[in-house]
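Listed below, chain by chain, are the residues.
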Amino acid sequence: MKLVFATNNLNKLKEVQALIPSHIQLLSLTEIGCTEDIPETSPTIEGNAIQKAEYIKKHYGYDCFADDTGLEVDTLDGEPGVYSARYAGEAKDADANMNKLLDNLKGKENRKAQFKTVIALIINGNLETFTGICKGMITREKKGDQGFGYDPIFLPEGFKETFAELSLKEKNNISHRARAVKKLVKFLNS
């Protein structure tokens, strides 16, 4: 089975490839010749995932899946949420995003947060969605050099290490994306 994973994020691609069984061949956007930026204009995480998957199906004809992920912080009414990648501006600068979030949390005791991933799959003309959530909290400083995005400031529930201090294997056992991908794989195998 061949499926396009509609992402240009090589870190995401690596994470997901580690979770997908070998009988499913993942194709990247580069491999299908998609070089344009796929629109992400929905006000919701679910909407963006669906929009990206529909774009690939419409313009390239492949069965595919796309994901969108947001970091939702309780005390900031769910910010940065759908704007997680561009929280500090269009440059999608992870350090700037983390710095802005840490600044916005200064003096706040409630640091509860969750990562939410929604995967939209289009296969055989049907649309399915799969959601994965990982609860945790935002640390007061960056720790670790693994992972990407907000990983150095996200402490998953039940752990003493941030996502950026965990190995890819450890992170893939508990992460929001891993939980959504496991639901996707279960569906594909059924």
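What counts as what
- Within every chain, residues take consecutive numbers counted from 1 along the sequence as written.
- Residues qualify for local features only when their pLDDT is at least 70, as the model is predicted, and side-chain atom pairs are given and counted only at 80 or more; totals for whole chains, interfaces and linings, by contrast, use all residues.
- Think of the side-chain values as coming from all heavy atoms in the structure, minus any hydrogens and water.
- We count a stretch as a helix when DSSP gives it H or I for four or more residues in a row; a strand needs E for two or more, and each element gets its number in order from the N terminus.
- With C-alpha atoms as the basis for the radius of gyration, the globule rule is written as 2.2 Å multiplied by the number of residues raised to the power 0.38.
- Under the scheme applied here, a residue whose accessible area is under 20% of the maximum for its type counts as buried, over 50% as exposed, and between as partly exposed, the area being computed with a 1.4 Å probe on protein chains only.
- Two residues form a contact once any of their heavy atoms are found within 4.5 Å.
- Here the accessible surface of atoms and residues is derived via Shrake-Rupley with a 1.4 Å probe, and residues count as covered only by protein chains that are part of the display.
- Positive charges are assigned to Lys and Arg, negative charges to Asp and Glu, while His and the chain termini are left out of the count.
- Where a charge sits is defined by one atom per residue type, namely NZ (Lys), CZ (Arg), CG (Asp) or CD (Glu).
- In this description, strands pair whenever DSSP reports at least two bridges between them.
- Handedness of a crossover: with both strands directed away from the viewer, a clockwise path from the first strand across the helix to the second marks it as right-handed.
- Any two cysteine sulfur atoms lying within 2.5 Å of each other are counted as a disulfide.
- UniProt positions are given in the numbering used here, feature names are shortened, and annotations may be inferred rather than shown by experiment.
- Whenever a nitrogen or oxygen atom comes within 3.5 Å of another N or O atom, the pair is scored as a polar contact, on the condition that within protein one atom can donate a hydrogen and the other can accept it, and that pairs from neighbouring residues in sequence are kept only if both atoms are in side chains.
- A pair of Phe, Tyr and Trp rings is counted when the ring centres sit within 6.5 Å of each other, with Trp represented by its six-membered ring. The angle between the planes then sorts it: under 30 degrees is stacked, over 60 is edge-to-face, the rest tilted.
- Lysine NZ or arginine CZ positioned within 6 Å of the ring centre and within 35 degrees of the ring normal marks a charge as sitting over the ring.

Q: Hey, could you go over the overall build of the chain for me, with residue numbers and the actual values?
A: Helix and strand counts for the chain come out as five helices and seven strands. The linear arrangement of helices and strands in the chain, starting from the amino end, is β-α-β-α-β-β-α-β-β-β-α-α. Scaling as 2.2 N^0.38, a compact globule of 190 residues should have a C-alpha radius of gyration of about 16 Å, and the chain matches this with 16 Å. Its C-alpha atoms give the chain principal-axis dimensions of roughly 50 × 30 × 25 Å. For the chain, buried positions account for 48% of its 190 residues. When contacts within the chain are restricted to residue pairs at least 6 apart in sequence, long-range pairs at least 24 apart make up 55% of them. Of the accessible surface of the chain, which amounts to about 9,700 Å², a share of 47% is contributed by carbon and sulfur atoms. The average position of the 26 basic charges and that of the 27 acidic charges among the side chains of the chain differ by 3 Å.

Q: Could you give an account of the pairing of strand β1 (residues 2-5), naming the residues involved and the relevant values?
A: Sheet topology note: the β1/strand β2 (residues 25-27) ladder contains three bridges and is parallel. The residue bridging Val4 from the neighbouring strand is Leu27, located in β2. As for the winding sense of the linkage, the β-α-β connection from β1 through helix α1 (residues 10-17) to β2 is right-handed. Bridging between β1 and strand β3 (residues 64-73) involves two bridges; their strand directions are parallel. Across the sheet, residue Phe5 finds its bridge partner in β3, namely Phe65.

Q: With reference to specific residues and values, describe the state of the cysteines.
A: Scanning all chains against the criterion turns up zero disulfides. Here Cys34 stays free of any disulfide, with the sulfur of Cys64 as its closest cysteine sulfur at 10 Å.

Q: Report on the environment of Ala96, specifying residues and quantitative values.
A: Topologically, Ala96 is positioned in helix α3 (residues 94-104). Once the C-alpha coordinates of Ala96 and Thr35 are considered, the two residues, 61 residues apart in sequence, prove to be 26 Å apart.

Q: A description of the side chain of Lys171 should follow, citing residues and the corresponding values.
A: Position of Lys171 among the secondary structure elements: in helix α4 (residues 168-174). Judged by its relative accessible area of 3%, Lys171 falls in the buried class. Once residues lying within four places of it in the same chain are set aside, the contact partners of Lys171 are Glu15, Phe148, Asp151, Phe163 and Leu166.

Q: How would you summarise the UniProt feature "active site" (unreviewed entry) in the chain if you had to cite specific residues and measurements?
A: The positions that UniProt labels "active site" (unreviewed entry) are, in the present scheme, Asp68. Following the sequence through the fold, Asp68 ends up in strand β3. In this structure Asp68 touches Glu40, Thr44, Ile45, Asn48, Ala49, Lys52, Val82, Lys116, Thr117 and Val118, once residues within four positions along its chain are discounted. Here Asn48 takes part through its side chain, which lies 3.3 Å from a polar atom of the side chain of Asp68.

Q: Can you break down the packing of aromatic side chains residue by residue, with the values?
A: Counted by the stated rule, this structure contains five aromatic pairs. With 5.1 Å between their ring centres and 50° between their planes, Phe154 and Phe163 make a pair best called tilted. One exposure class covers both Phe154 and Phe163, and it is buried. Feature note: the residues Phe115, Phe154 and Phe163 constitute an aromatic cluster, connected by ring pairs. Lys100 extends its terminal NZ or CZ atom over the ring of Tyr87, reaching a point 4.5 Å from the ring centre.

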